[in-house]
Amino acid sequence: MGNKTSSIKDLTIVVIGASGDLSLRKIFPAFYALFQKKLLPERFQIIGFSRTEMNDDIFRNKVKTFIAKENIPLSEMDEFLKKCFYCRGKYDAFQDYERMGDLIRKLEEGHLSNKIYYLAIPPFLFLPVSNALAHSNLIHTQEEKGVWTRVVVEKPFGRDRESSDELTAGLQKVFREEQVYRIDHYLAKEVIQNLMILRFANLILEPLWNRQYIQNVRISWMEDIGIEGRGGYFDEYGIIRDVMQNHLLQILALVGMEQPIRLEADYIRDEKVKVLRCIPPVTLSQLVVGQYGPGILQCKKCEMKHGYRDEEGVPKDSITPTYAAVSLFIKNRRWDGVPFLIRAGKGLSKRTTEIKIQFREVPGNIFAETAPQLTPNELLIQVQPDAMIALKIVNKIPGLSLVLGESNLDLSYESAFESRVPDAYELLLLDVIRGDKSLFIRSDELESAWDIFSPVLLELEKKRIQPVIYPFGSEGPYTADLLASKYGTAW
Ligand code: BG6
């Protein structure tokens, strides 16, 4: 958040797992966009490391193809590609990291450079790779001559509190906590970043932002795609670990937290931890789970879609949820009794992420008889597909008689702002370079998030709770609607 620019010197970026989907689709295009905007230091190099047999030229061509798919001007592409190098290696082979060390020193040409290691690899490789980097002397735990080393990791951070703690402890043997940047890319989405500004840089919302005026908060995350070839990964984790425990709890924390003392990473994260710690662990009675079966996706040329159990890499009797809905409660003075309803699902009718803040009825409303059908105010914060904020108000419909209707005061980003909304990864990578950790997850945040879901995840597996099957392309299982109606609302 704050623009804490550290003394940026030469920079070496090492992307481990460089031939993978995340690297090619997200990381390299984001570095290119930063290069294009002149936000990378004068002297930098990016080394891709992975097992695939490739030379620099083949690698550069691959990178180029993926960058070309993004909506970024390509004028400086050749200059950028000249800074990209490839090193083939096995993830646990020390000698391969030593070869990479030689390449780094050669490229540094006698200048010391700051180092970023981006671990774009599955989590079971985090520790072997970190140990190999440390063994090959590629990590400096203390800043030497003002030169730093940082490591970037992506979820899943474990499967539950216990395995997450083990991972944290393992990483902390090699890196200090300050050096670890745990990405949750939702935190860098424009509208999510704006949550703090909306709440704390405006006067009008905060006085209403509490149990006295708010009836419920609903956070919906829906995708109209299935698991897209990630059967092996997804069946091991499921939707709660994939999306709820991280992206959605982070959104909830930003909606529910108190104002940080100052705009500094640790103060912001302190407040998020506090609010997460006020949420008791979820029990089975607060949760519904679903799984997509075969169905027809209407919006895309009426395509027939497989059910989850027919996806590659998924066992025929899998009980892994592809949909979950839950009611959470924040037990503090601001929020006690206000349900936070959260749902996430794949294989649904549309792609959307939105937050709805439902206000209470107007007390002693003199218009209640004139327009009994009207519902109370609601603030909609839509993250995607189109960034938007809209406040539903009751308004007189122009005319000679008194007719009331619901209208929206709305802000659509597309029509209000000219600039291209940058991809979340651009900002995250820039923040790693700047050393700003506001948008990264601290280890205690991770612990509190796991504490909310770990017990129920264990119970789901132990009792082999069957998910309710819903057709691909639908609105999800009916049980999610029942859950919302229990709190007098609908999604
Ligand atoms: C990832 C999940 O974290 O977020 C995926 O693992 C999901 O399952 C993706 O599809 C969605 O990200 P975005 O930015 O496209 O909403």
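Residues numbered from 1 in each chain as written. Predicted model: local features only at pLDDT ≥ 70, side-chain atom pairs only at ≥ 80, totals over all residues. Heavy atoms only, no water.

Q: Teacher, can you tell me more about the overall build of the protein here?
A: The helix and strand tally for the protein stands at 13 helices and 17 strands. In terms of overall size, the protein behaves like a compact globule, its C-alpha atoms giving a radius of gyration of 24 Å where 491 residues would be expected to give roughly 23 Å. A burial count over the protein gives 57% of its 491 residues as buried. Residue pairs at least 24 apart in sequence account for 77% of intrachain contacts in the protein once pairs closer than 6 positions are excluded. Accessible surface, the protein: about 22,400 Å² in total, of which carbon and sulfur atoms supply 53%. Side-chain charges in the protein split into 63 positive and 66 negative, and the spacing between the mean points of these groups amounts to 1 Å. (Helix = DSSP H or I, 4+ residues; strand = E, 2+ residues; numbered from the N terminus. Rg over C-alpha atoms; globule rule 2.2 N^0.38 Å. Buried < 20%, exposed > 50% of the residue type's maximum accessible area, 1.4 Å probe, protein only. Contact = heavy atoms within 4.5 Å. Areas by Shrake-Rupley, 256 points an atom, 1.4 Å probe, with all protein chains shown as cover. Lys, Arg positive; Asp, Glu negative; His and termini not counted. Charge placed at Lys NZ, Arg CZ, Asp CG, Glu CD.)

Q: Explain the confidence of the model for the protein to me, please; I cannot follow it from the model alone.
A: In low-pLDDT regions, the fine details of the predicted coordinates are not to be read closely. Of the residues in the protein, 98% reach a pLDDT of 70 or more, and the chain-wide mean stands at 93. This stretch, residues 1-6, has a pLDDT under 50; its non-local contacts, to residues over four places away or in other chains, come to 17 contacts. (pLDDT = per-residue confidence, 0-100.)

Q: Got a minute to help me understand the site of the ligand in this structure?
A: For the ligand, the full set of nearby residues is Lys-155, His-185, Tyr-186, Lys-189, Trp-221, Glu-223, Arg-230, Asp-242, His-247, Lys-346, Arg-351 and Gln-384. At a separation of 2.4 Å, an oxygen atom of the ligand approaches a polar side-chain atom of Tyr-186. Here Glu-223 contributes a side-chain N or O atom positioned 2.7 Å from an oxygen atom of the ligand. When the free accessible area of the ligand is taken as 400 Å², the share hidden by the protein chains comes to 80%. Its residues assigned to classes, the shell around the ligand shows 2 nonpolar, 3 polar and 7 charged. (Near = heavy atom within 4 Å. Polar contact = N/O pair within 3.5 Å; in protein donor to acceptor, adjacent residues only side chain to side chain. Nonpolar A, V, L, I, M, F, W, Y, C, P; charged D, E, K, R; others polar.)

Q: Is there a simple way to explain empty space enclosed by the protein in this structure?
A: As enumerated under the stated definition, the model contains 4 cavities of 30 Å³ or more in all. Volume-wise, the largest cavity comes out at about 120 Å³. Residue lining of the largest cavity: 16 residues in total, with Phe-157, Asp-184, Gln-245, Asn-246 and Leu-446 positioned closest to the centre. At the level of elements, α8 (231-256) and α12 (443-462) are the ones that each hand at least two residues to the lining of the largest cavity. With 5 residues, the top contributor of residues to the lining of the largest cavity is α8. Tallied by class, the residues present in the lining of the largest cavity amount to 8 nonpolar, 4 polar and 4 charged. (1 Å grid on protein atoms, 1.4 Å probe; cavity = no way out; pocket = protein on both sides within 12 Å on 5 of 7 lines; lining within 4 Å. Points joined across faces, edges and corners; volume = space filled by probe spheres on them.)

Q: Sorry, what's going on with the sheet that holds strand β11 (residues 323-329) here?
A: Strands belonging to one sheet form pairs held by backbone hydrogen bonds; the direction of such a pair is parallel or antiparallel. Here we have 9 strands laid out as an open sheet, ordered β16-β15-β14-β13-β7-β12-β11-β8-β17, and mixed in their pairing. Only two strands of the sheet have a single neighbouring strand rather than two, namely β16 (404-412) and β17 (468-471). Put simply, the sheet's adjacent strands are angled 20° from each other on average, direction ignored. Where helix α7 (residues 190-200) meets the sheet, its contacts fall on β13 (352-359), β14 (378-384) and β15 (388-396), and the angle it forms with β14 comes to roughly 145°. Where helix α13 (residues 478-486) meets the sheet, its contacts fall on β8 (287-293), β11, β12 (339-345) and β17, and the angle it forms with β11 comes to roughly 15°. (Pairing = 2+ DSSP bridges. Axes fitted to C-alpha atoms, helices over the stretch in contact; angles between N-to-C directions.)

Q: How do you make sense of the side chain of Gln-179 when you look at a structure like this?
A: For Gln-179, the position within the fold is in the loop between α6 (161-174) and β6 (180-183). Reaching out from Gln-179, the side chain makes a polar contact with the backbone oxygen of His-140 at a distance of 2.9 Å. The residues touching Gln-179, leaving out its near neighbours within four places in the chain, are His-140, Thr-141, Thr-149, Arg-150, Val-151 and Lys-437.

Q: How should I be thinking about the side chain of Ser-136 in this particular structure?
A: The residue Ser-136 is located in the loop between α5 (126-135) and β5 (149-154) in this model. A polar contact of 2.9 Å, which involves the side chain of Ser-136, links it to the backbone oxygen of Ala-132. Among residues more than four places away in sequence, those in contact with Ser-136 are Phe-94, Tyr-97 and Glu-98.

Q: Which parts of the structure should I look at to understand the nonpolar core?
A: One recurring pattern in soluble globular proteins: nonpolar side chains tend to sit buried together. Residues Ile-16, Phe-80, Tyr-97, Met-100, Ile-240, Leu-328 and Phe-453 are the most contacted members of the largest nonpolar core, which totals 152 residues. The dominant element in this core, judged by the number of residues it contributes, is α8, at 12 residues. For this core, the two domains that each supply at least three residues are domain 1 (4-154) and domain 2 (187-420 + 464-485). Those residues within four positions of Phe-453 in sequence are excluded, and the remaining contacts are Ile-240, Met-244, Gln-245, Leu-249, Val-282 and Val-326. (Core = buried A, V, L, I, M, F, W, Y, C linked by side-chain atoms within 4.5 Å. Domains from an automatic or database assignment.)

Q: What should I look at first to understand the domain arrangement of the protein in this one?
A: Where interface size is quoted, it is often the accessible area lost as the parts come together. When its domains are assigned, the protein resolves into domain 1 (4-154) and domain 2 (187-420 + 464-485). Taking only C-alpha atoms into account, the centre of domain 1 sits 36 Å from that of domain 2.

Q: Honestly, the pattern of salt bridges in this entry has me stumped. Any pointers?
A: Pairs may arise between side chains of opposite charge once their charged atoms sit close together. Applying the stated criterion across every chain yields a total of 37 salt bridges. Here Lys-38 makes a salt bridge to Glu-76, at a shortest N to O gap of 3.1 Å. Here Lys-38 is found in the loop between α1 (21-36) and β2 (44-50), whereas its partner Glu-76 is found in the loop between α2 (56-68) and α3 (77-81), with 38 residues between them in sequence. Residues participating in the shared-partner salt-bridge network are Asp-266, Arg-269, Asp-270, Arg-442 and Asp-444. (Salt bridge = Lys/Arg side-chain N within 4 Å of Asp/Glu carboxyl O.)

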